[in-house]
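Remarks on the overall topology
Residues per chain are reported as follows:
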Amino acid sequence: TRYPLRGTEKTPGAGGARDVELGHRWMDAMSVDYSCLFPTGMLSIGLHPQAEMESDICWAYNRWLTEKILPESEGRFFSMLCLPFNDPDECLRQVKKFGARKGVKGFCITAIRTLPVHHNSYMKVYRAIEERGLALSFHSGFNWGDHQFQSCNRFLAAHALGFSWYNIIHCVNWVVNGMGERFPKLPVIWIEAGLSWIPFVMQRIDHEYMLRPSDCPLLKKKPSDYMRDMYYSVQPMEIQDMGALECTFRMMDAENTLLYASDYPHWDFDMPSTIWDLPFLTDKARHNILGGTAHKLFKLPPRNEAQKQNLIKYGNYVGN
């Protein structure tokens, strides 16, 4: 009902943005202080056959978001703006144009694409984001039309595999090509691919690296160590086997790398209780995952004195 009933909700209509009012309502209902916005409709933008159209759509959306929505959100909304990744020069232009705007905490690459993220043409883009102290994220999705998934005869199969696969391929390419060494101050976040793929990839590429380290001359430590230097979003969290989940948290150092994300209003969204109720987490781990790590990463101010004291208590407070 979250989709069809949205249109029936009443808002004051006093000149403010309806999207902001509705966003604040669900955030308050779920006890969410800050929301990082990204539009579902943009997840497949990398499949557009015209690079210039991708650039124009990203430019228009980024302008609208930074000029109309973020300023009206009382500081509660922020965003990692969508990059038109099919055109590296246009990516750089948009980083320069929007990178300093209020509420912009980084830039996002939609992962449903086959371009090599380690190609030299993108180095200037990553450097520009790093120099501005912003984050880079890869937001996954699924593409049932991809030849790799055309044998799937059920949505469930394409959805389950696709969301993990696109981030897997980009993450592996990012790690083995030494991007962590080339951009050591650039926070990288992997979004909406679940968590179960992380220990699999860590073990798999560590195994290959120990046999063929000459393929990765830039690496100074194991690939899994570079993966623990990056960040991951909670949603959708595979929670069927608590022992496996606990092992996943341990391998990825979730206390310091995992970020709560609701993915509301999608049908598979996660409430904050998804993290709070995990029996194997310490209070510090709960605090970090539900906000402490995000506070440090995105430099978000505490919304009240109690939050500030908790941030100080767990060693996350970075001041104003």
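Our subject is the structure listed above.
Everything in this summary refers to the structure shown in the same document. (Residues numbered from 1 in each chain as written. Predicted model: local features only at pLDDT ≥ 70, side-chain atom pairs only at ≥ 80, totals over all residues. Heavy atoms only, no water.)

With that out of the way, let us pick up the packing of aromatic side chains. Counted according to the given criterion, the structure contains 18 aromatic pairs. Measuring from ring centre to ring centre gives 3.9 Å for Phe 85 and Tyr 122, while their planes differ by 10°; the resulting arrangement is stacked. Of this pair, Phe 85 sits in the loop between strand 2 (77–82) and helix 3 (88–98) while Tyr 122 sits in the loop between strand 3 (104–110) and helix 4 (123–131); the two residues are 37 residues apart in sequence, bridging distant segments of the chain. Taken as a pair, Phe 85 and Tyr 122 share a single burial class, namely buried. Seen in terms of ring centroids, Tyr 126 and Trp 174 are 4.9 Å apart; in terms of plane orientation they differ by 70°. Their pairing is edge-to-face. Of this pair, Tyr 126 sits in helix 4 while Trp 174 is found in helix 5 (residues 155–176), placing the two residues 48 residues apart along the sequence. (Phe/Tyr/Trp six-rings, centres within 6.5 Å; stacked < 30°, edge-to-face > 60°. Helix = DSSP H or I, 4+ residues; strand = E, 2+ residues; numbered from the N terminus. Buried < 20%, exposed > 50% of the residue type's maximum accessible area, 1.4 Å probe, protein only.)

Turning next to the sheet that holds strand 7 (residues 258–259). If you walk across this open sheet you meet the 7 strands as 1-2-3-4-5-6-7, and the pairing is parallel. Each edge of the sheet is formed by a strand with only one pairing partner; in this case those strands are strand 1 (35–37) and strand 7. Contacts between helix 3 and the sheet are confined to strand 2 and strand 3, with strand 3 contributing the most and set at about 160° to the helix. (Pairing = 2+ DSSP bridges. Contact = heavy atoms within 4.5 Å. Axes fitted to C-alpha atoms, helices over the stretch in contact; angles between N-to-C directions.)

This paragraph deals with unusual backbone geometry. Cis geometry is adopted by the peptide bond preceding Pro 236, which originates at Gln 235 and carries an omega value of -5°. Its place among the elements puts Pro 236 in the loop between strand 6 (231–233) and helix 9 (242–252). Geometrically, the link from Tyr 264 to Pro 265 is a cis peptide bond, its omega value of 10° lying close to zero. Turning to its location among the elements, Pro 265 is positioned in the loop between strand 7 and helix 11 (273–276). With a phi close to 60°, Glu 74 is a non-glycine residue in the positive phi region. As for its position among the elements, Glu 74 is in the loop between helix 2 (51–69) and strand 2. Given a relative accessible area of 68%, Glu 74 falls into the exposed group.

With that settled, the discussion passes to the environment of Thr 274. Structurally, Thr 274 is set in helix 11. Taking C-alpha positions, Thr 274 is 8.8 Å from Ile 239, a pair spaced 35 residues apart along the chain. If near-sequence neighbours (up to four positions away) are discounted, Thr 274 is found in contact with Met 237 and Ile 239. In this structure the side chain of Thr 274 is engaged in a polar contact, spanning 2.9 Å, whose partner is the backbone oxygen of Met 271. (Polar contact = N/O pair within 3.5 Å; in protein donor to acceptor, adjacent residues only side chain to side chain.)

Now for the pairing of strand 2. Among the 6 residues that make up strand 2, 6 are buried, leaving the element largely enclosed by the rest of the structure. Sheet topology note: the strand 1/strand 2 ladder contains 3 bridges and is parallel. Following the sheet pairing, Leu 37 is matched in strand 2 by Ser 79. Summarising the sheet, strand 2 and strand 3 pair through 4 bridges and their orientation is parallel. Bridge pairing in strand 3 links Cys 82 to Cys 108.

What follows covers helix 7 (residues 197–211). With 15 residues, helix 7 should reach 21 Å at 1.5 Å per residue; the first-to-last C-alpha distance of 22 Å fits that figure. Each element contacted by the buried residues of helix 7 is listed here: helix 5, strand 5 (188–191), helix 8 (223–227), strand 6 and helix 9. (Expected span 1.5 Å × (residues − 1).)

The quantities given are spatial measurements derived from coordinates; they are silent on function.
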